[in-house]
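# A look at the structure
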Amino acid sequence: MLLIECPWCGPRDEVEFQCGGQSHIERPGPPEAVSDERWGAYLFERINPKGLHRERWLHAFGCRRWFNIARNTATHEIIAVYRMGESSPDAPSGDGAVP
Amino acid sequence: MSGTQPFRLASGGEVDRDRPIRFRFGGKAYTGFEGDTLASALLANGVRLAGRSFKYHRPRGLIGMGVEESNVLVQLGSADRSTPNVRATEVYLYEGLEAAPVNCWPNVRLDIGGINNLMSRFLAAGFYYKTFMWPNWHFYEGIIRRAAGLGRAPTQRDPDRYESRNAHCDLLVVGSGPAGLAAARLAAASGARVMLVEQDSLLGGSLLHDDATIDGSDARAWIDATKEMLAASEDIVVLARTAAVGYFDHNALTLLEQVGNEAACAAGSVRYRLWNVRAKRVILATGALDRPLVFSGNDRPGVMLATAVRHYVRRFGVVPGKKAIVFTNNDEAYRTAFALAEAGTIVSAVVDARSHPPDDFSSRLSHFGIALIAGGAVVATKGAKALRAVQVRSGDGALRWVDCDLLAMSGGLNPTVHLFCQSGGKLRFDEATASFLPGNSAQAEESVGAAAGTFTVSGALQSGHAAAHRALLTLDLECCLDAPVCAEERLPQPLLPLWHVSGGRGKAFVDFQNDVSADDIGLAARENFISVEHLKRYTTLGMAADQGKTSNVNALAIMASLTGRSVQDTGTTRYRFPFTPMPLASFAGRARADLFRPLRMMPAHERHIRHGAAFEDYGGWMRPSCYPLPGESHAAAEQREALAVRQSAGLFEGSPLGKIEVVGPDAAKFLDLIYANTMSTLKSGKVRYGLMLNELGAIIDDGVAARVEDTHYIVCTSSGGAARIAAWLEEWLQCEWPGLDVVVAPVTTAWGVVTLTGPAARQILEKVGTSFDLAADVFPHMSFREGLVANIPARIFRVSYTGEVSYEINVPASHTPELWDRLFAAGATHGITPIGVDGWMLLRTEKGFLHIGADTDGTTTPLDVGWGYVLKKKSDFVGRRSLLLPENQRSDKLGFVGFRAVDPAVILPVGEHVVITDADSTQRSDGYVTSAGFSPVLGMGVALGMIHGGDTRLGDTVSIGVHRAQVVPPAAYDPEGKRLNG
């Protein structure tokens, strides 16, 4: 049961949130200029790292705002919480590193 | 000895001898005292044989004193308040308590299942896998399943109430022994918000059975003083009879509080309370559990854990036997010998596996006249239903039988590291104590006292105090209390690891609850199930309700020695939630029956009741499926209501319909991105039907959008999509197009919707009065007005799901009943009829209108429902690129069509497949029926469905199940749409 620091509401239980999966996925376009392969990658290819992972989450039972979480999938440590549109802070021990 | 309780001491213990309590066990009446557990009361009454084992039905008696008890599980209570497999050690006695032993028939003394014991030679680990192979497992499964399990699951509805509660604290202390009390006391004095939980009914832990002088007073007085101090502090919650069962991420812990017993619950008390606690810091003072010794016949009633024996003597004033022997490999059990001797029990001998027992204890033994057998072991036991004698091997190897009815054994202490492991902490094996101790922490917690391998009272007090001190520093709180001091204590001498005493005949049990013996572990090792996880699953070791609390470490050590590995390298199985069994109802809490999923009622619900509606649950809403007249079937009501709409008028409440306001300068641009079709070209006051897709190109919802003004749309979704689509719009707006200046506001429940539909609709609406012109050329199909209807402020959509002239009238929800009444009264002379969801669906099926989720599935794109023109749209929209993928462009995809059965009386079954037979006479599906009904106005069956090739198949005659049918366009009724434009 993660304790998540909503950037708008403060720390709340995980049950109030929904995870929207990997964040910072660029939507390719315009449609006619995108290859089938590129579109397929956008739809289906996701990383599944052990260690640092950046996801977007929704405070569904709260302010209903989306935001980003950088967390360690192995230790469940939340490294950073930042708003949509903000760039991702680097992990203290480097990308994808497992302490 | 006290009256009818032959094993009760005349004085001593935490029981009230002036308050006798009557109870029944296995149908027989007994008496105990206030303060007893069922276990102590049974022992006081001399009930030795109290259960039968799981597999071999061997006679069993109490072995432990608390959560670790693996033998005496009882069926507690009766009738609807009957709980299986409750540990007798955790049941606090109350007047009228009823319990019965489990897994025995006809009774615990004469148990037919005991025949398994005679065949036990053939029932070793893996017996099932090797034996029940011919003809197949299912041949035997029924018999095996009936024989499995211990208690009986209750068959009646649980009448009790269960609660859950959330809590936050600075410091959560689990366990109230000396370490836990020292920690809680310091934190409380320092102003921290503290929760102290204890699974026992009394605080004190080991101090309830061991002497100590703390801060100059005896242990009992110190506990009382600490309790008073905690009670006087603010923000301190002390929970007794509460087990910490789960330790999850970020210091979230789950506690299970036992609130009321069966009698109290019958009077209205809550049964269990589940606590979800978030703690800034956690101190685990969970103590340690005695480890059994593994020797032949170690499961006979009368063989008990040494600490438990001492606990019964000191806490309850009960001696579990008249003539005792103690078997140990460490100092701890000597205290039990002294406690028994002080209570007047004959202790024939202490058998110590060590060749050099501690001098101070040896001399104290001789003071009591107790023989000491150094370097010895107990190798076997005797007794049919209870222990009669044990075979002792002395240091020189000589064997002799010694009469006794109680054997107190101790193989060392296992720190209770379950919660520590659940928190993600890593264990290390400590050779000095031969036990697993907490190693690296993963969360903001610290283990103290016996849970961290500190087995003295003074050490426990110090470690609890010091850990609380460290925790308080991280919380920026000042400590203002000295550590409690325990008067001089001896240091224990090292134990001698003793995992398995060989030489005896008969089974030496490791896991008492699942009947796993040392030989079974040997068998697993020989068959190469040497990984601990394999060992566990192959032998079922540690898989019983006690989850191996007494057995795991012994088993690992035996496996380690059989395979020549160290215990550390052999490792442990994973410790999982929950620490101790929990009633399933405690998870449900209040969320049962009517509260499980509260049903929503529409604003005019009461009107539907008055019309005699038959209600059903539609996506969480109670809605009328139809309004049957007295004696009328639901099917007949559906036909009558649908026909009334075609002939005069129907009234339908559609309040659950999703309504989302989309407002802002970029509203049109946003909706063009969200809908597959274009919404920006819509004129103010007009309405357009649209499809929403996901990025895979599949249709996720449909509905109309009305443009109120340039920068303001109302998006209507399907009733089931109301919440989902509002969230969908937000996600795109916030995550993908944050630059768009748009606000999305779901207003579904603010508005009630009454739909008036049928050829008489306009006349009826004119009669109730509107503030705007209703003429067809002024307010045509697919347009929108804001104004007054029957003097109620309203938003009116002229859209139609029935194919008739329809007005969807939205009014503030509280005005819905009033609007309903006005329309119904005005329509009386026209024969206006309330129509339910069944009839409504029939009408749209006649018209061939899509019902998303019924006619479509997660693969249906707009191209499959005749919406190919969306690709002509200039701008991008969600899902557009996927429609261009070759897979979606295939011409043989399933497409939306109508089916007309050759026999007009036939209603094609929904779900039935269109079957084609290939040249080699194999059959395959060519499509299926998605909606169907009998059209009263057409006098024939109508159906919609999917078929490969879609509308290229029009005119084909196909086989649908046993029926023949023609592929036709979806709209069976009024295909030109003359009526809805009227």
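Residues numbered from 1 in each chain as written. Chains lettered and ligands numbered in written order. Predicted model: local features only at pLDDT ≥ 70, side-chain atom pairs only at ≥ 80, totals over all residues.

### A word on the overall build of chain A
Along its length, chain A carries one helix and six strands. Taken from the N to the C terminus, the helices and strands of chain A come in the order β-β-β-α-β-β-β. Taken across its 99 residues, chain A has 15% of its residues classed as buried. Taking as baseline every contact in chain A between residues at least 6 positions apart, the subset at least 24 positions apart corresponds to 52%. (Helix = DSSP H or I, 4+ residues; strand = E, 2+ residues; numbered from the N terminus. Buried ≥ 20, exposed ≤ 12 C-beta atoms within 10 Å, placed from the backbone. Contact = placed C-beta atoms within 7 Å.)

### Considerations on the overall build of chain B
When helices and strands are tallied, chain B shows 27 helices and 50 strands. A compact globule built from 982 residues would reach a C-alpha radius of gyration of about 30 Å, whereas chain B, at 38 Å, exceeds it by more than 25%. Its C-alpha atoms put chain B at 115 × 75 × 55 Å along the principal axes. In chain B, which comprises 982 residues, the proportion classed as buried is 53%. Considering only residue pairs separated by 6 or more positions, chain B has 66% of its internal contacts joining residues 24 or more positions apart. (Rg over C-alpha atoms; globule rule 2.2 N^0.38 Å.)

### Examining the packing of helix 5 (residues 178-189) of chain B against helix 6 (residues 219-232) of chain B
Residue and element names in this part refer to chain B. Their axes nearest at 10 Å, the elements helix 5 and helix 6 cross at an angle of 35°. Crossing hand, helix 5 versus helix 6: left-handed. In this structure, helix 5 contributes Leu181, Ala184, Arg185 and Ala188 to the contact, and helix 6 contributes Ile223, Thr226, Met229 and Leu230. Looking at the contact of helix 5 with helix 6 residue by residue, the class counts come to six nonpolar, one polar and one charged. (Axes fitted to C-alpha atoms, helices over the stretch in contact; angles between N-to-C directions. Left-handed = near helix turned anticlockwise from the far one by under 90°. Nonpolar A, V, L, I, M, F, W, Y, C, P; charged D, E, K, R; others polar.)

### Describing the nonpolar core
Residue and element names in this part refer to chain B. Counting residues in each nonpolar core, the largest one holds 175 residues, and the members touching the most others are Leu171, Ala183, Val194, Ile283, Val326 and Leu407. Other than its neighbours up to four places away in sequence, Val326 contacts Ala306, Ala333, Thr336, Ala337, Val347, Val350, Val351 and Ala408. Counting 98 residues, the second largest nonpolar core, distinct from the first, contains Tyr675, Val687, Ile725 and Val968. (Core = buried A, V, L, I, M, F, W, Y, C linked by C-beta atoms within 7 Å.)

### Details of the domain arrangement of chain B
Once the domains are mapped, chain B shows domain 1 (1-156), domain 2 (161-288 + 415-474), domain 3 (292-411), domain 4 (600-656 + 750-844), domain 5 (658-747) and domain 6 (880-981). Each of domain 2 of chain B and domain 3 of chain B has a C-alpha centre, and the two are 31 Å apart. (Domains from an automatic or database assignment.)

### Quick notes on the interface of chain A and chain B
Chain A puts 19 residues into the contact, and the matching count from chain B is 19 residues. Residue contributions to the side of chain A that touches chain B peak at three residues, all from helix 1 (residues 36-44) of chain A. Its residues placed into classes, the side of chain A that touches chain B shows ten nonpolar, four polar and five charged.

### Focus: unusual backbone geometry
A cis geometry characterises the amide bond from Gly29 of chain A onward to Pro30 of chain A, with omega recorded as 0°. Looking at the element boundaries, Pro30 of chain A is found in the loop between strand 3 (18-22) and helix 1. Even without glycine at this site, Ala434 of chain B takes up a positive phi of about 50°. With respect to the helices, strands and loops of the structure, Ala434 of chain B is situated in the loop between strand 26 (427-430) and strand 27 (435-438). Exposure remark for Ala434 of chain B: the 23 C-beta atoms within 10 Å place this residue in the buried category. One non-glycine residue, Ser921 of chain B, lies in the positive phi region at around 60°. Looking at the secondary structure, you find Ser921 of chain B in the loop between strand 46 (913-917) and strand 47 (923-935). Residue Ser921 of chain B is classed as exposed on the basis of its C-beta count, with 6 C-beta atoms lying within 10 Å.

### Considerations on the packing of helix 19 (residues 634-647) of chain B against helix 24 (residues 837-847) of chain B
All names here are of chain B. Orientation of helix 19 relative to helix 24, taken along the N-to-C sense of each, is 55°, at an axis distance of 8 Å. Our classification of the angle between helix 19 and helix 24 gives oblique. Crossing of helix 19 over helix 24 shows right-handed handedness. Between helix 19 and helix 24, the contacting residues are His634, Glu638, Glu641, Ala642 and Val645 on the first element and Asp838, Gly839, Leu842 and Leu843 on the second. (Parallel < 35°, antiparallel > 145°, perpendicular 65-115°, else oblique.)

### Concerning the sheet that holds strand 5 (residues 66-72) of chain A
Residues and elements named next belong to chain A. With antiparallel pairing, the four strands of this open sheet are ordered in space as 3-4-5-6. Edge strands, defined here as strands with exactly one partner in the open sheet, are strand 3 and strand 6 (78-83). Sheet twist, expressed as the average angle between the axes of neighbouring strands with direction ignored, equals 30°. Relative to strand 4 (residues 52-58), strand 3 runs antiparallel, the two being bridged by three bridges. For Gln22, the partnering residue across the bridge sits in strand 4 and is Glu55. (Pairing = 2+ DSSP bridges.)

### Description of the environment of Leu523 of chain B
Residue and element names in this part refer to chain B. Considering the arrangement of structural elements, one finds Leu523 in helix 13 (residues 518-526). C-beta crowding within 10 Å serves as the criterion here: with 16 such atoms nearby, Leu523 is assigned to the partly exposed category. Note: C-alpha distance between Leu523 and Met622 (99 residues apart in sequence) is 60 Å. Among residues more than four places away in sequence, those in contact with Leu523 are Ala124 and Ala125.

### Side note on the sheet that holds strand 48 (residues 940-948) of chain B
All names here are of chain B. If you trace the six strands once around the closed barrel, you get 45-48-47-46-49-50, paired in antiparallel fashion. Recorded for the sheet is a direction-independent mean angle of 45° between the axes of neighbouring strands. Across two bridges, the pairing between strand 46 and strand 49 (residues 957-960) is antiparallel. Bridge pairing links Val914 to Ile960 in strand 49. Lying over the sheet, helix 24 contacts strand 47 and strand 48, oriented at roughly 120° with respect to strand 47.

### Comments concerning the environment of Met559 of chain B
Residue and element names in this part refer to chain B. Of note, Met559 is situated in helix 15 (residues 552-563). When the 25 C-beta atoms within 10 Å are taken as the criterion, Met559 is described as buried. Placed eleven residues apart in sequence, Met559 and Thr570 show a C-alpha to C-alpha distance of 7.6 Å. Non-local contacts of Met559, meaning those with residues more than four positions away in its chain, are made with Ile521, Ala525, Ile530, Val532, Leu535 and Thr570.

### Comments concerning the pairing of strand 6 of chain A
All names here are of chain A. Here five bridges tie strand 5 to strand 6, and the two strands are oriented antiparallel to one another. Across the sheet, the residue bridging to Phe67 is Arg83, located in strand 6. Hairpin connection from strand 5 to strand 6: five residues lie between these consecutive antiparallel strands, with His76 at a positive phi of about 65°.

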